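What the coordinates show
The lines below spell out each chain.
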Amino acid sequence: MASGVPRPVGATYRLQLGPSFTFEDAARRVPYLADLGVTHLYLSPVLEAVRGSTHGYDVTDPTTVRAELGGRKGLERLADAAHVDGLGLVIDIVPNHLGVGRPEQNPWWWDLLTHGRKSAFARYFDIDWDPRNGAGGKLALPVLASEEDAAAIVVDRTGPEPVLRYHDRVFPIGREVGGTDAERIHYAQPYRLVPWDSPVRSYRRFFTVDDLAAVRVEDPEVFAATHAEIGSWFADGIADGLRVDHPDGLADPAAYLRRLRALTGADAWIVIEKILEPREPLEPALPVAGTTGYDALRELGHALLDPDGEVGLSALHERWTGDDGASGALHAARTVLADDLARGDLGPELRRLARAALRESTPKSLAGPPPQSLIEAAAVRWARDTRFYRDDYPVLAQAAARLREDVRTRTQECEHDEPGSADAFDLLAEARDRGAETAARFPQFTGALTAKTVEDTLFYRTARLISLQEVGGAPSDFGPSDPHPAFARRAAEWSAAMTTLSTHDTKRGEDVRARIGVLSQCPGDWSAVADRWMLLRPTQLDPVTGLFLLQTAFGVWPEDGAITDELRARLHAYAEKAMREGRIGTSWTAPDSAFEAAGHTFLDALFDGAALSDLVARLAPHGRSDSLAQKLLQLAGPGVPDVYQGTERWEDSLVDPDNRRPVDWSAAHDDHPKQRLVRTALRLRRERPGSFVGGSYAPVLAEGPAADHLLGFLRGPSDGAPDVAALATRWSLRLERGGGWRDTRVDLGDGRWTDRLTGHVVAGRAALGDLFLEHPVALLVRE
């Protein structure tokens, strides 16, 4: 491979690699993707992972390219194939954790289990060796079905080295004590197998996933070991950029990113999976091009919602659930959930944080420090009210300081009922200020708590308009009716950030969200259907889950009403996941068969009764209109757009693993309206790169009775006149019912403009009815 300056990234295409789609398979798609117009293939993680992994985020050996994908040679051949057609590679990396669910497949973890604290890799993992860690200072591995099932642990000496075997899982024997007494040998090891539902965890995890153990990349030695292979991709000219998974989980994200920048070079394109809450800015000092685009996804979705529909959808939600789905009820639900999750699923992380604070602070009272339980309570109170994944970025300093004072005031009000609460809070705050372990663990804890509380639970517990319930979104926030300020900020501040509409983690695909969003234009029509079917739901199924499943079914319902067995199976699988994530009547840890059966019965009733066919037949065209509109706004708008695999055509994916299904590459054809739009816009970006990344941005406004239904903007080189106009229809259902475009026009100024989608030429004050005669969008180029 030849080294060289990375190729500028203009547009990416995300490919999900795995045993069934390897480097060789990706190479076969290069000609198609080059023809589509992207500049780079954007690959899911490529380092060695748990065998059979369909996603690759469970890396087991960060020093090696994954053999199941084709190994290092396969990656080089893919890069060569891409370069021949003028494309480059962007690769997803996972610095926060490694996969440890199969210890024998992770050589570092296996060595750690063998030798304990004496292992050369003991410092690589974020492990709590404290004697008070609940496992007697040992490494607790939550794998047993129950305490009694420890009897199933046996000694297996049939292989090259003896192991402890628990059903199909194996663990090393690092300390031999002789004999075959499995209990005695197990006790002698530096690890302890504990029940899966035990409150004991002695290593930091990715959120609450026991099979993903956190790695201490803040240690220069660990960074060097985990990033040597990654660095070689840039030295050898294989990669042009990186997507960094979950940097907020790291001890010091900013320091990590500075080190990564030094490794890759100044010209590498680096974007981070940083989840920004509404109105949260990205830290401008980070040495990155921007985020991976959940903030853009939120802004694009808001741009097409009809704010007038909020009242009707709120009334429907309140009629069936008792709350309107707005901020008040959601805030209360979030607080309760956060308390439960902090003390339950995230209890090990909470207790470790509290112990660190006790070590690193000075008690104010001669009687000694407050009890650990009060430190934990103070941490929960502070963390649950932190409205960001983490609040230690300098750009958030003022907001974080205000929150700190507010939490301290409320803590003092609790002093009567909980004596010592104020001292506990002050102790925790002092420990954070010292900048040591507490300062790192607190934001790691808030990030995990926010993710588990909001995206992984709360978003399955409300159903006013579920297209809003996406990572980085807010169910209570219909957004501004004018999206231009947000788009303009992106053009000015983060012009090379990634933008996206679908990812491997989105709760539902872009076309599904677009159709559901149409309900904001017709809350009365939706309410009539929902009221009728909610009366028929099984009594065991709570109203929120009923509304949630009903809206989901509407989002994926076939336009022709033909319900296939495949769709039934997919939606039932999704329903099981959604119900368990929501934890209302069932959960992953305590599944309730009666509650889940009621949800499945409700879905079958919808299918068998053709519940939504008439409404979908009327509204599906408007869902397609919004799909095309948001796609054009993304592709022509500020930032570097990513096209998730298969989304250049209509697709109805829901949350993973549904959205990781194999792509039907044979379905590609030129006359598909969405694919034609994607190809046209991407080719235009490649033709005129200066008009997009780093280019100018200005809103386009219409004149006339339907002016509010136009959403458009001008793009052009930063030092020249605009030469591209992207125009899209919004609120198409209301537009149709209101009489169409009638006498509404848009002034394009001087020159002649050609619509690259139709070939039509317009100039001056163009009639929108003519511009949108064939499509609800137009992509104009100044001659």
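The written sequence of each chain sets the order in which its residues are numbered from 1. Restriction of local features to residues with pLDDT of at least 70 applies here, the model being predicted, together with a cutoff of 80 or more for giving and counting side-chain atom pairs; totals for whole chains, interfaces and linings are based on all residues. As a rule here, side-chain values come from all non-hydrogen atoms in the structure, and water together with hydrogens is ignored.

The name given to the chain in an unreviewed UniProt entry is Malto-oligosyltrehalose synthase, with Tsukamurella paurometabola as the source organism.

1. Points about the pattern of salt bridges
We define a salt bridge as a side-chain nitrogen of Lys or Arg found within 4 Å of a carboxyl oxygen belonging to Asp or Glu. With the rule as written, the count across this model stands at 78 salt bridges. Note that E299 is salt-bridged to R490, the shortest N-O span being 2.8 Å. One end of the pair, E299, is in helix α8 (residues 294–304); the other, R490, is in helix α16 (residues 484–493), and 191 residues separate them in sequence. Note that R688 is salt-bridged to E687, the shortest N-O span being 3.2 Å. Taking relative accessible area as the criterion, E687 reaches 43% and is therefore assigned partly exposed. Here the salt bridges do not stand alone but share partners, grouping D126, D128, D130, R132, R204, R352, R355, R359, E437 and R441 into one network. Secondary structure elements are defined from DSSP: runs of H or I of at least 4 residues count as helices, runs of E of at least 2 residues count as strands, and each element is numbered from the N terminus. The buried label applies to any residue whose accessible area, calculated with a 1.4 Å probe on protein chains only, is under 20% of its type's maximum; exposed applies above 50%, and partly exposed to all values in between.

2. Some words on the packing of helix α13 (residues 397–413) against helix α14 (residues 421–433)
When two helices pack together, their arrangement is captured by the angle between the axes and the distance separating the axes. Note on geometry: axes are C-alpha line fits, over the in-contact stretch for helices, and angles between N-to-C directions span 0 to 180 degrees. For the pair α13 and α14, interaxial distance at closest approach is 8 Å and the crossing angle is 155°. The angle between α13 and α14 places the two elements in the roughly antiparallel class. Our pair here, α13 against α14, has a crossing hand that is right-handed. Contacts from R404, V407, R408, T411 and Q412 in α13 reach S421, A422, F425, D426, A429 and D433 in α14. In this scheme, roughly parallel covers angles under 35 degrees and roughly antiparallel covers those over 145, while 65 to 115 is roughly perpendicular and the rest are oblique. Two helices that cross are described as forming a left-handed crossing if the nearer one is turned anticlockwise from the farther one by less than a right angle, and a right-handed crossing if clockwise. We call two residues in contact whenever any of their non-hydrogen atoms come within 4.5 Å of each other.

3. Digging into the packing of helix α17 (residues 510–517) against helix α19 (residues 543–556)
Between α17 and α19, the least distance of the axes is 8 Å, while the angle of their chain directions is 115°. The pairing of α17 with α19 is recorded here as roughly perpendicular in orientation. Considering how the two elements wind past one another, α17 and α19 form a crossing that is right-handed. Between α17 and α19, the contacting residues are V512, R515 and I516 on the first element and Q551, F554, G555 and V556 on the second. Residues of the contact of α17 with α19, tallied by class, amount to four nonpolar, two polar and one charged. Gly falls in the polar group here, along with every residue not listed as nonpolar (Ala, Val, Leu, Ile, Met, Phe, Trp, Tyr, Cys, Pro) or charged (Asp, Glu, Lys, Arg).

4. So, the sheet that holds strand β5 (residues 88–93)
The pairing of strands in a sheet happens through backbone hydrogen bonds and is either parallel or antiparallel. In this description, strands pair whenever DSSP reports at least two bridges between them. The sheet built from eight strands is open, its strands ordered β16-β15-β14-β5-β2-β1-β18-β17 with parallel pairing. Edge positions in the sheet fall to β16 (290–291) and β17 (498–499), since each has one partner strand and no second. In this structure, strand β14 (residues 241–244) lies alongside strand β15 (residues 269–272), joined through four bridges in parallel fashion. Its bridge partner lying in β15, G241 is registered against W269.

5. A closer look at the pairing of strand β9 (residues 163–166)
As defined by bridge partners, strand β8 (residues 153–156) adjoins β9 across four bridges and the pair is classed as antiparallel. Bridge assignment links V155 to a residue of β9, and that residue is L164. Two successive antiparallel strands, β8 and β9, enclose a turn made up of six residues. Note that β9 and strand β10 (residues 169–172) share four bridges and pair antiparallel. Paired with L164 across the two strands is F171, which belongs to β10. Counting the residues that bridge the hairpin from β9 to β10 gives two residues, and of these H167 lies at a positive phi of roughly 55°.

6. Re the side chain of S198
Within the secondary structure, S198 sits in the loop between β11 (191–195) and β12 (205–206). For S198, a relative accessible area of 15% gives the class buried. In terms of polar contacts, S198 uses its side chain to reach the backbone amide nitrogen of V200, at 3.1 Å. Here a polar contact is taken to be a pair of N or O atoms separated by no more than 3.5 Å, where protein atoms must pair a possible hydrogen donor with a possible acceptor and residues adjacent in sequence count only if both atoms sit in side chains.

7. Some words on the environment of W650
Looking at the element boundaries, W650 is found in the loop between β18 (640–644) and α23 (673–687). A C-alpha to C-alpha distance of 46 Å links W650 and L353, two positions 297 residues apart in sequence. Other than its neighbours up to four places away in sequence, W650 contacts D511, R624, S627, L628, H672, P673 and K674.

8. Topic: helix α7 (residues 253–264)
In this model, α7 (twelve residues) spans 16 Å end to end at C-alpha, consistent with the 16 Å of a helix rising 1.5 Å per residue. For α7, the set of buried residues is P253, A254, Y256, L257, L260, R261 and T264. Down the axis of α7, the buried side of the element spans an arc of 155°, and every buried residue falls inside it. On its buried face, α7 sits against β5, α6 (220–235), β14 and β15. One or two positions beyond α7, positive phi appears at G265, with a value near 100°. The span one expects for a helix is its residue count, reduced by one, times 1.5 Å. To be clear, the arc concerns the directions from the helix axis to the C-beta atoms.

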